[in-house]
Amino acid sequence: MTRIAVLQMTTGIDPVANGSTIADAIAKAAGEGAAMLFTPEMSGLLDRDRKRAAASILREEEDGVLAQVREACAREGIWTCLGSLAIDTGEGKWANRSFVVDPSGEIAARYDKIHMFDVDLASGESWRESNAYRAGDEVVTVETPLGRLGLAVCYDLRFPALFEALGRAQCDAIAIPAAFTVPTGEAHWHVLQRARAIEASAYVIAAAQVGEHEDGRRTYGHSLVVDPWGEIGLDMGGEGAGLGFAEIDTARITEVRAQVPSLANRREIAN
């Protein structure tokens with residue numbers, strides 16, 4: 001059994017304040033015996049005003065939130081899956097980039113969100129992530145205290161091909177940090193997270209943004225930990241930010257894969 005912590009956030013427009021929130025959570029998670037902390041998408045800055053946000057979006061080596069997290073991990077001796085940060089690529093667009101930081105403060109893995117959130121919702125919300133962000137193109141996994149961890153971000157949840165690849169990589173857990181809108185969250189969040197866990201016969205750990213944000217948006221919350229059978233072990237609700245804990249049981253992964261060996265039975269489908 002491996003204890004993990006999940007940070008549900010209401011990230012604002014001040015990266016210094018957001019970084020302090022994460023650093024505090026790292027200390028609390030370590031103090032409660034967690035081997036690894038998971039944070040949401042856009043943990044360091046959530047600001048739909050891209051002109052205002054631009055002043056706070058920096059190159060990776062200059063990003064203050066990433067530096068705070070690396071220092072806190074090294075100080076507390078804990079792993080952190082930093083759901084994502086907006087990072088300046090130096091190529092005219094930003095990256096929505098996840099980081100896995102090890103207990104020495106080193107970056108063990110990076111993942112750039114592959115699928116851009118370009119949608120027009122019936123609620124009137126319109127989002128064009130691709131106007132400012134460059135899509136990634138690499139499937140990423142990394143060895144952690146939970147076993148092999150696969151990385152995805154928010155809108156990636158809707159694209160089975162990515163999770164097919166993570167299943168082929170024999171991931172024991174998949175991180176799906178998010179800043180889900182309320183309408184899409186109410187309709188699809190739980191069912192899609194459970195489906196991804198079942199398909200991969202793996203744990204899904206989905207740290208989420210929640211509530212009313214400084215930039216005017218609302219996010220759904222309900223940070224989840226789902227086991228390989230699709231059972232929900234943690235649901236942090238949609239009311240507010242906080243730190244939750246769950247246990248990852250590697251024996252449960254083995255048990256489920258023995259009962260329903262869908263990964264072993266998988267066949268290529270010809271077009």
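Above this text you will find the structure in question.
Residues numbered from 1 in each chain as written. Predicted model: local features only at pLDDT ≥ 70, side-chain atom pairs only at ≥ 80, totals over all residues. Heavy atoms only, no water.

### Section: the packing of aromatic side chains
Applicable threshold: In summary, the pairing rule links any two rings of Phe, Tyr or Trp, Trp by its six-membered ring, whose centres are within 6.5 Å, and it sorts them by plane angle into stacked for under 30 degrees, edge-to-face for over 60 and tilted for everything else. Here a helix means four or more residues in a row that DSSP labels H or I, a strand means two or more in a row labelled E, and each is numbered from the N terminus. Burial classification: accessible surface area is computed with a 1.4 Å probe over protein chains only, and a residue below 20% of its type maximum counts as buried, one above 50% as exposed, and the rest as partly exposed.
If you walk through the whole model with that rule in mind, you get three aromatic pairs. An angle of 70° between the planes, with centres 5.5 Å apart, marks the rings of W94 and Y133 as edge-to-face. Residue W94 is found in strand β4 (residues 94-101), and its partner Y133 is found in the loop between β7 (126-128) and β8 (141-144); the two are separated by 39 residues along the sequence. The pair W94 / Y133 is uniform in exposure class, with both members buried.

### Some points on the side chain of E60
As a reminder of what qualifies: Two N or O atoms count as a polar contact when they lie within 3.5 Å, although within protein this holds only if one can serve as hydrogen donor and the other as acceptor, and sequence-adjacent residues are included solely when both atoms are side-chain atoms. Here a residue-residue contact requires only that any non-hydrogen atoms of the pair lie within 4.5 Å.
The topology assignment puts E60 in the loop between α2 (50-53) and α3 (64-76). A distance of 2.7 Å separates polar atoms of two side chains, one belonging to E60 and the other to R110. In contact with E60, not counting residues within four places along its chain, are L66, I87, R97, F99, I107 and R110.

### Here we look at helix α1 (residues 15-31)
This is how it is decided: Expected helix span is given by 1.5 Å per residue-to-residue step, counting one fewer step than there are residues.
With 17 residues, α1 should cover 24 Å at 1.5 Å per step; its first-to-last C-alpha distance of 24 Å lies within 8% of that length. Summarising the contacts, the buried residues of α1 are in contact with β1 (2-8), β2 (36-38), α3, β3 (79-88) and β16 (242-248). Put simply, D14 is the residue that caps the front of α1, since its side-chain oxygen is 3.0 Å from the backbone nitrogen of V16. The positive-phi residue at the C-terminal boundary of α1 is G33, with phi of around 85°.

### Here we look at the sheet that holds strand β15 (residues 232-235)
Worth spelling out the cut-off: Here, strands pair whenever DSSP counts at least two bridges between them. Axis definition: a line fitted to C-alpha atoms, over the contacting stretch in the case of helices. Angles run 0 to 180 degrees between N-to-C directions.
One open sheet holds the six strands; their spatial order is β8-β9-β10-β11-β14-β15, and the pairing between them is mixed. Each end of this open sheet is capped by a strand with a single partner; those strands are β8 and β15. On average, each strand axis in the sheet is inclined to that of its neighbour by 20°, with strand direction left out of account. As paired strands, β8 and strand β9 (residues 147-151) are joined by four bridges and run antiparallel to one another. Residue E143 lies in a different strand from β9, and its bridge partner there is R148. The sheet contacts of helix α5 (residues 182-200) involve β10 (173-175), β11 (203-206), β14 (224-226) and β15, and relative to β14 the element is tilted by about 35°.

So, to be careful, I would describe these as geometric facts and stop short of saying anything about function.
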